[in-house]
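Observations on the model geometry
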Amino acid sequence: MSDAREDAKLLDTINGPEDLKNFSIAQLERIAEEIRDRIVEVMPVNGGHFGSGLGIADLTVALHRVFDFKRDQFVLDVSHQCYPHKMLTGRNELYDNIRIKGGPAGYTRPAESPYDWWLWAHAGSSISTALGLARGNRDRDSYAVAIIGDASIPTGMSMEALNHWADLENERLIVILNDNDMSIAPTVGGLSRHLKAIKREAHDRGAIADGNGANADLGHFWSAFGHRYVGPVDGHDMAGMVALFERLKAEGRGAFVHVKTVKGKGHIEAEKDQWKWHAVSPAKKSGPKKLEFARVGKVPYTDIFAEAVIERARRDPEVEAITAAMPCGTGLRAFAPEFPDRFYDTGIAEQHAVGFAAGLAKAGKKVICAIYSTFMQRAYDQLFQEIALNDQPVVLCMDRGGIVGPDGVTHNGTFDIAYTRSLPRINIMAPADGSELRDMINMALDLGRPCVIRYPRTAAPEPEKEYPRNRALELGRADLLREGRDGAVLAYGSMVYPAMEAAEILARRGIELTVWNARFVRPLDLEMLRHALDEHPIVFTVEENSLNGGFGSACLEAAALNRLGADKILPIGLPDSFVEHGDRAEMLEEHRLDPASLANRFAEEIAGLEGRPSRGVRQAEAY
Ligand SMILES: Cc1ncc(C[n+]2csc(CCOP(=O)(O)OP(=O)(O)O)c2C)c(N)n1
């Protein structure tokens, strides 16, 4: 790290990228060092991405020096490596609050700065959009520059864009492949091996060095798309990169630039264990606010999921498990060493992962395909065709179902109920706690039908604090947890415990609620719905999902179609908008999904019923 820390920081003098034009190469190098220092200082406090930003600091400085990204369009794939960019574009001071509610987002975000061209964090989309920007701006004298990582470039969308680009050859597009040999986990697959071979050979030839190192013969795979291949270039050689980008800019045509960087650059531990240091957790003192209900435990759903799959796989040799580049995030890293032949990391390839899962299932395997709720959106067509239409019994396990917290709008899993429910055949369920998750995994594997199980990014209630069940798990049957005359709550998945706690709060205020653990969106338990609507003046549905098309919609539709009195139902969930970043507990509170807010909401609505005309009178008035 920088030994110039005691001196005044150059970074502090930068108000915008135009200030970089005045610095020497040595000063630009120092600025990159200061950026790294800042990442090392702030991220362990706030929590967030670590190694990627350290690796890309030099490259970001060099690009901002040469291009004018108010005019030229700069797009960062995923954009988890955007911190150096944010520091150089007027947000260095704000960086202390990155990923905190109200502070800058952890990804690029046009609302924050004219230098942020895009809001995204799903991998592999940068080349398509940069190509569109370049094409759309073809009459302007500007460039589109995309940076994409070596784990993100094998995505289908990137390959489609490279292919299309060949037909729009003259566009002023520079695609920079930031090759650091890592995804979050080590990269997988044939392209990754090819990139390693290019770098090895260039190294042996002594050809990784300056910006003139255009070993076109090495990049034959990339040249096959019809683009000029430049590289491999040393992504920590400031002088070389500045010279290269100036030359490319002056030429006024497109190029595919292969840059070699070190993930975690400058931080000894992060360079050594790049997997561990991809991201860091927040320090305890500013750490996540505890959800204000007592029953949340310490063991994440993710770990319970992994344990359940491992335990089942030990008994059942047909069980196989798939992740799309998220072995740690999904918990399947623990599965891999014990069952190396039954574990697959497809890389960032959700569409392929689901298609592959369907093939394995057709061949008789019992397949767990674990993909975050938000990333499963990539594979909607595969859910439709390979899974639902072909009726393949894959068990799709969607971690991060609901509000994820600091990753915010791009990562919240708040649409999966709607997008899976829109497809026929798929059984859709969510556990209320850890033991129910175990049971659902086993039930789904035995069922031989397509299944989706969603669970949130949080710890499950501790076993000793779990509510006793009144009914063992059975497909399409909900569980009645408590009964009261003042209203009924149909709670789904992560909202069951908050709903129970809300009911307990209200019981102390003399309001008695029925609470059902709904368990299933499909098949929906009509007996639950009938009981709730027949026996109570008001029925609340509660879910951690967008209300559009969610669990509440399912209840409303079923009640209307079966003439059960749908107008008694009040759906509670997330609004028709995107949930911002912040701590998960804070965001749940903001959306009134914590137990205390739920209790108040229930009480307000029940109080509002008094003096209101009965349903029959209202109907009569309406006619
Ligand atoms: C569609 C999708 N799937 C999974 C992820 C999760 N994810 C975030 S960053 C990342 C690794 C990206 O690696 P690379 O593009 O090589 O960039 P690096 O971090 O190495 O700079 C993954 C898998 C994602 N953002 N988008």
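Residues numbered from 1 in each chain as written. Predicted model: local features only at pLDDT ≥ 70, side-chain atom pairs only at ≥ 80, totals over all residues.

1. Let's talk about the sheet that holds strand β17 (residues 487-491)
So the rule is basically this: Pairing between strands requires that DSSP locate at least two bridges from one strand to the other. Each helix is a run of H or I in the DSSP string that is no shorter than four residues. Each strand is a run of E no shorter than two, and both are numbered from the N terminus. For helices, the fitted axis covers only the stretch in contact; all axes are lines through C-alpha atoms, and the angles between them, taken along N-to-C directions, range from 0 to 180 degrees.
Across the sheet, which stays open at both edges, the 5 strands sit in the order β16-β18-β17-β20-β21 with mixed pairing between neighbours. The sheet is open, and its two borders are formed by β16 (479-482) and β21 (569-574), each paired with just one other strand. The mean inter-strand angle of the sheet, taken between neighbouring strand axes irrespective of direction, is 25°.

2. Structural notes on the site of the ligand
Note the threshold: Only the C-beta atom matters for nearness: placed from the backbone, it must lie within 6 Å of the molecule or strand for the residue to count as near. Residues were grouped as follows: Ala, Val, Leu, Ile, Met, Phe, Trp, Tyr, Cys and Pro as nonpolar; Asp, Glu, Lys and Arg as charged; and all remaining residues, including Gly, as polar.
Around the ligand sit 22 residues, and of these S52, A123, G149, A151 and S152 come closest. The class makeup of the residues in the shell around the ligand is 9 nonpolar, 9 polar and 4 charged.

3. Re the environment of L133
Short version of the rule: A residue is called partly exposed when the number of other C-beta atoms within 10 Å of its own lies between 12 and 20, exposed at 12 or fewer, and buried at 20 or more, with C-beta atoms placed from the backbone.
Looking at where L133 falls in the secondary structure, it is placed in helix α4 (residues 126-136). A residue is classified by how many C-beta atoms lie within 10 Å of it, and L133, with 24 of them, is buried. Sequence separation of L133 and V145 is 12 residues, and the distance between their C-alpha atoms is 9.5 Å.

4. Details of the sheet that holds strand β13 (residues 427-429)
Across the sheet, 7 strands lie side by side as β10-β9-β11-β12-β14-β13-β19; this open sheet has mixed pairing. Looking at strand neighbours, the two that pair on one side only are β10 (343-345) and β19 (520-522), the edges of this open sheet. Going across the sheet, the axis of each strand differs from the next one's by a mean of 20°, ignoring polarity. Here β13 runs beside β19; their pairing, made up of 2 bridges, is antiparallel. Within β19, the residue paired with M429 across the bridge is F520.

5. Observations concerning the confidence of the model for the protein chain
Selection criterion: Every residue gets a pLDDT, meaning the predictor's confidence in that residue, from 0 to 100. What counts as a contact is two residues whose backbone-derived C-beta atoms lie within 7 Å of each other.
Per-chain confidence: the protein chain averages 92 in pLDDT, with 93% of residues scoring 70 or above. In this model, residues 613-623 is a region of pLDDT below 50 whose contacts with residues beyond four sequence positions or in other chains number 4 contacts.

6. Focus: the packing of helix α1 (residues 25-46) against helix α8 (residues 238-251)
To be explicit about the condition: Angle categories: roughly parallel below 35 degrees, roughly antiparallel above 145, roughly perpendicular from 65 to 115, and oblique for all the rest.
Their axes nearest at 9 Å, the elements α1 and α8 cross at an angle of 110°. With respect to their mutual orientation, α1 and α8 come out roughly perpendicular. Note on element contacts: α8 touches α1 through M238, A239 and V242, opposite I25, L28 and E29. Residues that form the contact of α1 with α8 fall into these classes: 5 nonpolar, no polar and 1 charged.

7. Some points on the pairing of strand β12 (residues 395-398)
Side chains V395 and C397 project from β12 onto one buried face, and the interleaved L396 and M398 project onto a second face that is buried too. Pairing geometry for strand β11 (residues 366-370) and β12, over 3 bridges, is parallel. Its bridge partner lying in β12, A370 is registered against C397. Relative to strand β14 (residues 451-454), β12 runs parallel, the two being bridged by 4 bridges. Note on β14: the bridge partner recorded for C397 is I453.

8. Re helix α6 (residues 190-204)
As a reminder of what qualifies: Multiplying 1.5 Å by the helix residue count minus one yields the expected span of that helix.
With 15 residues, α6 extends 21 Å between its outermost C-alpha atoms, agreeing within 8% with the 21 Å of an ideal straight helix rising 1.5 Å per residue. Buried residues in α6 make contact with β4 (173-179) and β5 (229-234). Two residues or fewer after α6 comes G206, characterised by a positive phi angle close to 70°.

9. Side note on the pairing of β17
To be explicit about the condition: Handedness rule for crossovers: strands pointing away from the viewer, path from the first strand over the helix to the second running clockwise, crossover right-handed.
A large share of β17 lies buried, amounting to 5 of its 5 residues. A two-sided burial pattern is seen for β17, the buried positions comprising G487, V489 and A491 on one face and A488 and L490 on the other. The parallel pair β17 and strand β18 (residues 513-517), bridged by helix α17 (residues 496-507), forms a crossover whose chirality is right-handed. Of the strand pairs in this sheet, β17 and strand β20 (residues 539-546) are connected by 4 bridges, and their pairing is parallel. Paired with V489 across the strands is F540, a residue of β20.

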